[in-house]
Amino acid sequence: MALAVDAGNSKTDVAVVAEDGTVLGTARGGGFQPPVVGVETAVDSLAEIVGRACAEAGAPAEFEVVAACLANADLPVEEAELKAALEARGWSRSVHVHNDTFALLRAGIDEPRGVAVVCGAGINCVGMLPDGRTARFPAIGKISGDWGGGGGLADEALWFAARAEDGRGEPTELMRTLPGHFGLPTMYALIEALHLGRIAPERKHELTPVLFRTSAAGDPVAEALVDRLADEVVALASVALGRLGLLDEAAPVVLGGSVLAARHPRLDATIAELLAAKAPKAVIGVVTAPPVLGAGLLALDAWGAGPEAAARLRERYEA
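Residues numbered from 1 in each chain as written. Predicted model: local features only at pLDDT ≥ 70, side-chain atom pairs only at ≥ 80, totals over all residues. Heavy atoms only, no water.

### Looking at the overall build of the protein
Here's step 1: Looking only at helices and strands, the protein has 13 helices and 10 strands in total.
Here's step 2: Taking 2.2 N^0.38 as the reference for a compact globule, 319 residues should give roughly 20 Å; the C-alpha atoms of the protein span a radius of gyration of 21 Å, in line with that estimate.
Here's step 3: Across its three principal axes, the protein shows a C-alpha extent of roughly 60 × 45 × 35 Å.
Here's step 4: Burial statistics for the protein: of 319 residues in total, 48% are counted as buried.
Here's step 5: If you take every contact in the protein between residues at least 6 apart in sequence, the share linking residues at least 24 apart comes to 66%.
Here's step 6: Summed over its atoms, the accessible surface of the protein is roughly 14,200 Å², and 54% of this surface lies on carbon and sulfur atoms.
Here's step 7: If the 27 positive side-chain charges of the protein are averaged to one point and the 42 negative ones to another, these points end up 2 Å apart. (Helix = DSSP H or I, 4+ residues; strand = E, 2+ residues; numbered from the N terminus. Rg over C-alpha atoms; globule rule 2.2 N^0.38 Å. Buried < 20%, exposed > 50% of the residue type's maximum accessible area, 1.4 Å probe, protein only. Contact = heavy atoms within 4.5 Å. Areas by Shrake-Rupley, 256 points an atom, 1.4 Å probe, with all protein chains shown as cover. Lys, Arg positive; Asp, Glu negative; His and termini not counted. Charge placed at Lys NZ, Arg CZ, Asp CG, Glu CD.)

Next comes the structure, spelled out in structure tokens:
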């Protein structure tokens, strides 16, 4: 058996997979956040989810290979620490730890070759080649040069809306649509509610779809934010393609995460236009299948399973 893990910030999916690609057991749990709770506590929580998947499969937690695609495995030193923690569980002598963006990439391609950009709560990009070479970014926030993601977009929208209302910035409908989402009359009321905790900070992510609706209605400030996100996506993708020598090849560029999978017309069109200028042969695809599919395919790759097994696993998750 193989163990496939896709552990994101908000949820974790686990699958126990046979060598022929049959899914024997699955389980879902909460987010994987070692920076918040510590590595051992995070892995303890993961072990509970793995235990439920094994119970469904009717088998002990003993695997030929483990492929774990983990949020917060952003730096090689973090991957090494998490790999050691998983190896200590005794699940397998073949443990492979990847950043969770690799699960999205592998889910969107038929062979380990291409680039993926994920934009959900945050933004990240990875690329890989069949020979094992990869391209990636630290992706740990502004200190590593990142811009965008659902959380970042919400913060930018709030900044422009606040300045529009008090006169420091240019007019934008965001000053009405953002507080209106929470049934509030003004940006001042929204700022107060967020500052005093009457609206939980994690609810700010609800404002990202509001930004896109305001953009679709023709607001110039909202449109500019959407266009900047497109530029960031293309900057990540084109740099990763260049590092892997794929800029002039018909290489897949896989897009995923809640923001990119929502298929906002202006965002999609601008990404396509900008990427065509930098990588004219790139082939854009959008992944909507669960990323645990990609973790499972990586496990089968490491196990040396054939294409029939990959096709069976893909059919299970794409049906």
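### Thoughts on helix 3 (residues 76-87)
Here's step 1: Across its 12 residues, helix 3 extends 16 Å between first and last C-alpha, which sits within 8% of the 16 Å expected from 1.5 Å per residue.
Here's step 2: Buried within helix 3 are the following residues: E79, L82, A85 and L86. Buried residues of helix 3 fall within an arc of 130° about the axis and therefore sit on the same side. Exposed and facing more than 90 degrees away from the buried side of helix 3 are P76 and V77.
Here's step 3: Buried residues along helix 3 sit in contact with helix 1 (34-37), helix 2 (39-57), strand 4 (65-70), strand 5 (95-99) and strand 8 (134-136). (Expected span 1.5 Å × (residues − 1). Arc of directions from axis to C-beta.)

### Digging into the packing of aromatic side chains
Here's step 1: Enumeration over the complete set of coordinates arrives at one aromatic pair.
Here's step 2: Sitting over the face of the ring of F137, R243 holds its NZ or CZ atom 4.6 Å from the ring centroid.
Here's step 3: Here the guanidinium or amino end of R316 rests over the ring plane of Y317, the centre of that ring lying 4.9 Å away. (Phe/Tyr/Trp six-rings, centres within 6.5 Å; stacked < 30°, edge-to-face > 60°. Lys NZ or Arg CZ within 6 Å of the ring centre and 35° of its normal.)

### A look at the environment of V259
Here's step 1: Relative to the assigned elements, V259 resides in helix 10 (residues 258-261).
Here's step 2: Expressed as a C-alpha distance, the spacing of V259 and G122, which sit 137 residues apart in the sequence, is 9.6 Å.
Here's step 3: Once residues lying within four places of it in the same chain are set aside, the contact partners of V259 are C119, G120, G150, L153, T208, F212, L229, H264 and L267.

### What about the pairing of strand 7 (residues 123-128)?
Here's step 1: For strand 7, the tally of buried residues reaches six of six residues, placing the bulk of the element in the interior.
Here's step 2: Taking every second residue as pointing to the same face, both faces of strand 7 are buried, with I123, C125 and G127 on one and N124, V126 and M128 on the other.
Here's step 3: As defined by bridge partners, strand 6 (residues 114-119) adjoins strand 7 across six bridges and the pair is classed as antiparallel. Bridge pairing in strand 7 links V118 to N124.
Here's step 4: With antiparallel pairing between neighbouring strands as the criterion, strand 6 and strand 7 make up a hairpin whose turn holds three residues.
Here's step 5: In terms of strand pairing, strand 7 meets strand 8 through three bridges, oriented antiparallel. Across the sheet, the residue bridging to M128 is T134, located in strand 8.
Here's step 6: Hairpin connection of strand 7 to strand 8: five residues between the antiparallel strands, including G132 at a positive phi of 100°. (Pairing = 2+ DSSP bridges.)

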